[in-house]
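Take a look at the letters that make up each chain.
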Amino acid sequence: MTKIAEGKVVSIHYTLTLADGRVVDSSSGGDPLAYLHGAGNLVPGLERQLSGREEGEQLEVEVQPREGYGEIDASGNHVLPRQAFPADAQIRPGMGFHAEDEQGNLMQMWVTGVSDEEVQVTSNHPLAGEVLNFAIEVVDVRDASPEEKDHGHPHGPGGHAH
Ligand code: ZN
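If you're wondering where the values come from, they're calculated on a predicted model, not measured in any experiment. (Residues numbered from 1 in each chain as written. Predicted model: local features only at pLDDT ≥ 70, side-chain atom pairs only at ≥ 80, totals over all residues. Heavy atoms only, no water.)

(A) Spatial organisation of the coordination of the zinc ion. All of the protein donors around the zinc ion are His151 (ND1), His153 (NE2), His155 (NE2) and His162 (NE2); their distances to the metal are 1.9 to 2.2 Å. Note that the zinc ion binds 4 donor atoms; their angles at the metal cover 96 to 121°, and the shape is tetrahedral. One chain supplies every donor to the zinc ion, and in sequence these donors are spaced H-x1-H-x1-H-x6-H. (Donors = N, O, S within 2.8 Å, 3.2 Å for Na, K, Ca; no water. Tetrahedral: all angles 85-135°; square planar, octahedral: opposite > 155°, others 65-115°.)

As structure tokens, then:
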């Protein structure tokens with residue numbers, strides 16, 4: 001059996017449940033998710049705990065915020081003028097967008113509130129501060145192609161189609 005290690009394309013079925021029992025994401029009923037191990041395709045705590053596992057294994061993985069979507073950073077909350085967004089943009093809480101900081105780095109932001117004048121935004125991921133519980137079934141483990149390693153993601157079923 002091939003073990004999960006850096007440079008392997010791994011297909012998993014997963015269900016993500018939060019501490020309060022809310023299921024926020026699942027591959028159940030669809031194709032398994034394919035990812036390239038060691039390329040940062042998954043949150044670090046999940047990737048770390050999948051290392052060394054084999055096809056056919058089922059496991060429960062708990063991921064703390066610092067190895068998941070981060071702790072909540074109160075300094076990550078900002079208020080922007082509504083004019084900072086395109087006039088015809090449909091802005092609603094929960095939507096994500098990319099913004100540039102002063103250094104020109106692209107950062108992911110999320111809308112938390114909107115009025116006629118202002119838009120409240122945060123750099124905190126919607127799942128920041130959450131303990132993540134993943135129920136995982138390892139469906140397949142294979143070697144990545146040189147092209148997949150080059151791109152940093154898998155191709156084919158469950159991966160990128162391009
Ligand atoms: Zn690619």
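Alright, that's what it looks like, and here's the rest.
(B) Expanded view of the packing of aromatic side chains. This model, assessed by the stated rule, comprises 1 aromatic pair. Plain terms: the ring middles of Phe85 and Phe97 are 5.2 Å apart, the flat faces sit at 75° to each other, and that makes the pair edge-to-face. Within this pair, whereas Phe85 is found in the loop between strand S5 (77–81) and strand S6 (96–100), its partner Phe97 is found in strand S6, the two being separated by 12 residues in sequence. As far as burial versus exposure is concerned, Phe85 and Phe97 are alike and both buried. (Phe/Tyr/Trp six-rings, centres within 6.5 Å; stacked < 30°, edge-to-face > 60°. Helix = DSSP H or I, 4+ residues; strand = E, 2+ residues; numbered from the N terminus. Buried < 20%, exposed > 50% of the residue type's maximum accessible area, 1.4 Å probe, protein only.)

(C) Representation of the sheet that holds S5. Strand order in the open sheet formed by 4 strands is S5-S8-S7-S6, and the pairing between neighbours is antiparallel. Bordering the open sheet on either side are S5 and S6, each of which pairs with just one other strand. Within this sheet the neighbouring strands show an average axis-to-axis angle of 45°, counted without direction. Bridge analysis of S5 against strand S8 (residues 118–122) gives 5 bridges, and the strand direction is antiparallel. Looking at the pairing, Asn77 lines up with Thr122 of S8. (Pairing = 2+ DSSP bridges. Axes fitted to C-alpha atoms, helices over the stretch in contact; angles between N-to-C directions.)

(D) Seen up close, the pattern of salt bridges. Enumeration according to the criterion identifies 6 salt bridges in this entry. For Lys8, the salt bridge is made with Asp143, and the minimal N-O distance between the two is 2.4 Å. With a gap of 135 residues between them, Lys8 in strand S1 (residues 8–18) and Asp143 in strand S9 (residues 132–143) connect regions that are remote in the sequence. According to the relative accessible area criterion, Lys8 is buried, its value standing at 16%. Take Asp143: its relative accessible area is 53%, and that puts it in the exposed class. A salt bridge links Glu67 to Arg48, with the shortest nitrogen-to-oxygen separation between them at 2.7 Å. Placement of Glu67 in the loop between strand S4 (58–63) and S5 and of Arg48 in helix H1 (residues 44–50) is noted, with a sequence separation of 19 residues between them. On the basis of relative accessible area, Arg48 is assigned to the partly exposed category, the value being 48%. (Salt bridge = Lys/Arg side-chain N within 4 Å of Asp/Glu carboxyl O.)

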